[in-house]
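What follows is each chain in one-letter form.
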Amino acid sequence: MTVLTDERRAGLLAYCRIEEPTAEELLTLETLYDAAVGYLEGAGISQPAPGTPRAAQYDLAVNFMVLRDFDLRDAEVRGTIQDNPAFRRLITQLKLTEPREEA
């Protein structure tokens, strides 16, 4: 489990446009954050070193997934949900720039 720091939480709240979160919203955001980080890890994308351009891309991908799932938690979805092409390109870029392990 990745620790959601106060600084990272503040950035996530700003991205989601939540100014005065309730305790329930904070708990939900933390769960969604853990799920997004886990998804990326499962997809072969490791968490980059802080302060790097790749870290900004990683945070953007996490923010996108958290906001999407936060917005859809009460929604009734009908029809087909289209995947966001910009998000897919970001995930592809993160996969292609994953540091290689040295043998």
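Counting from 1, residues in each chain are numbered in the order their sequence is written. It should be noted that, the model being predicted, local features are given only for residues of pLDDT at least 70 and side-chain atom pairs only at 80 or more, the latter also being counted only at that level, while totals for whole chains, interfaces and linings use all residues. Remark: hydrogens and water are excluded; side-chain values derive from all non-hydrogen atoms of the structure.

1. Some details on the confidence of the model for the protein
Close inspection of predicted coordinates is inappropriate in any region flagged by low pLDDT.
Link 1 in the chain: Averaged over all residues, the pLDDT of the protein is 88; the fraction at 70 or higher stands at 90%.
Link 2 in the chain: What pLDDT expresses is the predictor's confidence in each residue, scored from 0 to 100. Secondary structure elements follow DSSP: runs of H or I of four or more residues count as helices, runs of E of two or more count as strands, with numbering from the N terminus. Mean pLDDT per element in the protein: helix α4 (residues 85-96) is the minimum at 88, and helix α2 (residues 23-42) is the maximum at 95.

2. Considering α2
Link 1 in the chain: One fewer than the residue count of a helix, multiplied by 1.5 Å, yields its expected span. Between the first and last C-alpha of α2 there are 29 Å, a value that for 20 residues agrees with the 28 Å anticipated at 1.5 Å per step.
Link 2 in the chain: Note on contacts: a residue pair qualifies if any of its non-hydrogen atoms lie within 4.5 Å across the two residues. Close packing links the buried residues of α2 with α1 (6-15), α3 (53-71) and α4.
Link 3 in the chain: In the stretch just after α2, Gly44 is the one whose phi turns positive, near 85°.

3. Quick look at the packing of α1 against α2
Link 1 in the chain: One can describe the packing of α1 onto α2 by two numbers: an axis separation of 11 Å at closest approach and a directional angle of 100°. By the angle class used here, α1 and α2 are roughly perpendicular. Along the contact surface, α1 presents Arg8, Arg9, Leu12 and Leu13, while α2 presents Leu26, Leu29, Glu30 and Tyr33.
Link 2 in the chain: Note on residue classes: Ala, Val, Leu, Ile, Met, Phe, Trp, Tyr, Cys and Pro are nonpolar, Asp, Glu, Lys and Arg are charged, and everything else, Gly too, is polar. Grouping the constituent residues of the contact of α1 with α2 by class yields five nonpolar, no polar and three charged. All axes are obtained by fitting lines to C-alpha atoms, using only the stretch in contact for helices, and the reported angles, taken between N-to-C directions, cover 0 to 180 degrees. Each angle is binned into one of four classes, with values under 35 degrees roughly parallel, values over 145 roughly antiparallel, values of 65 to 115 roughly perpendicular, and all other values oblique.

4. Observations regarding α1
Link 1 in the chain: Listed in full, the buried residues belonging to α1 are Arg8, Leu12 and Leu13. Burial along α1 is one-sided: seen end-on, the buried residues are contained in an arc of 135°. Exposed and facing more than 90 degrees away from the buried side of α1 are Asp6, Glu7 and Ala14.
Link 2 in the chain: Here the buried face of α1 lies against α2 and α3.
Link 3 in the chain: Two residues or fewer past α1, Arg17 is found with a positive phi of approximately 60°. Partly exposed residues are those whose accessible area sits between 20% and 50% of the maximum for their type, while under 20% is buried and over 50% is exposed, using a 1.4 Å probe and protein chains only. The arc under discussion is defined with respect to the helix axis, by the directions toward the C-beta atoms.

5. Re the packing of aromatic side chains
Link 1 in the chain: Classification of ring pairs uses Phe, Tyr and Trp, with its six-membered ring standing for Trp, and accepts pairs whose centres are within 6.5 Å; under 30 degrees between planes counts as stacked, over 60 as edge-to-face, and the remaining range as tilted. Applying the stated criterion to the full structure yields one aromatic pair.
Link 2 in the chain: When the ring of Phe64 is compared with that of Phe87, the centres are 4.5 Å apart and the planes differ by 20°; the resulting orientation is stacked. With Phe64 in helix α3 and Phe87 in helix α4, the pair connects residues that are 23 residues apart, well separated along the chain.
Link 3 in the chain: Directly above the aromatic system of Phe70 lies the positively charged group of Arg73, at a separation of 3.7 Å from the ring centroid. Placement of a charge over a ring requires the Lys NZ or Arg CZ to be within 6 Å of the ring centre, with the centre-to-atom vector within 35 degrees of the ring normal.

6. Examining the environment of Glu30
Link 1 in the chain: Assignment of secondary structure puts Glu30 in helix α2.
Link 2 in the chain: For Glu30, a relative accessible area of 28% puts it in the partly exposed group.
Link 3 in the chain: Along the chain, Glu30 and Thr52 lie 22 residues apart, while their C-alpha atoms are 23 Å from each other.
Link 4 in the chain: Setting aside chain neighbours within four positions, we find Glu30 in contact with Leu4 and Arg9.

7. Section: the nonpolar core
Link 1 in the chain: To form a nonpolar core, buried Ala, Val, Leu, Ile, Met, Phe, Trp, Tyr and Cys residues must be joined to one another through side-chain atoms within 4.5 Å. By size, the foremost hydrophobic cluster in this structure holds 22 residues, and its most contacted members are Leu29, Tyr33, Leu40, Tyr58, Ala61, Val62 and Val66.
Link 2 in the chain: Beyond its immediate chain neighbours, meaning those up to four positions away, Tyr58 contacts Val37, Leu40, Ile45, Ser46, Gln47, Pro48 and Leu94.

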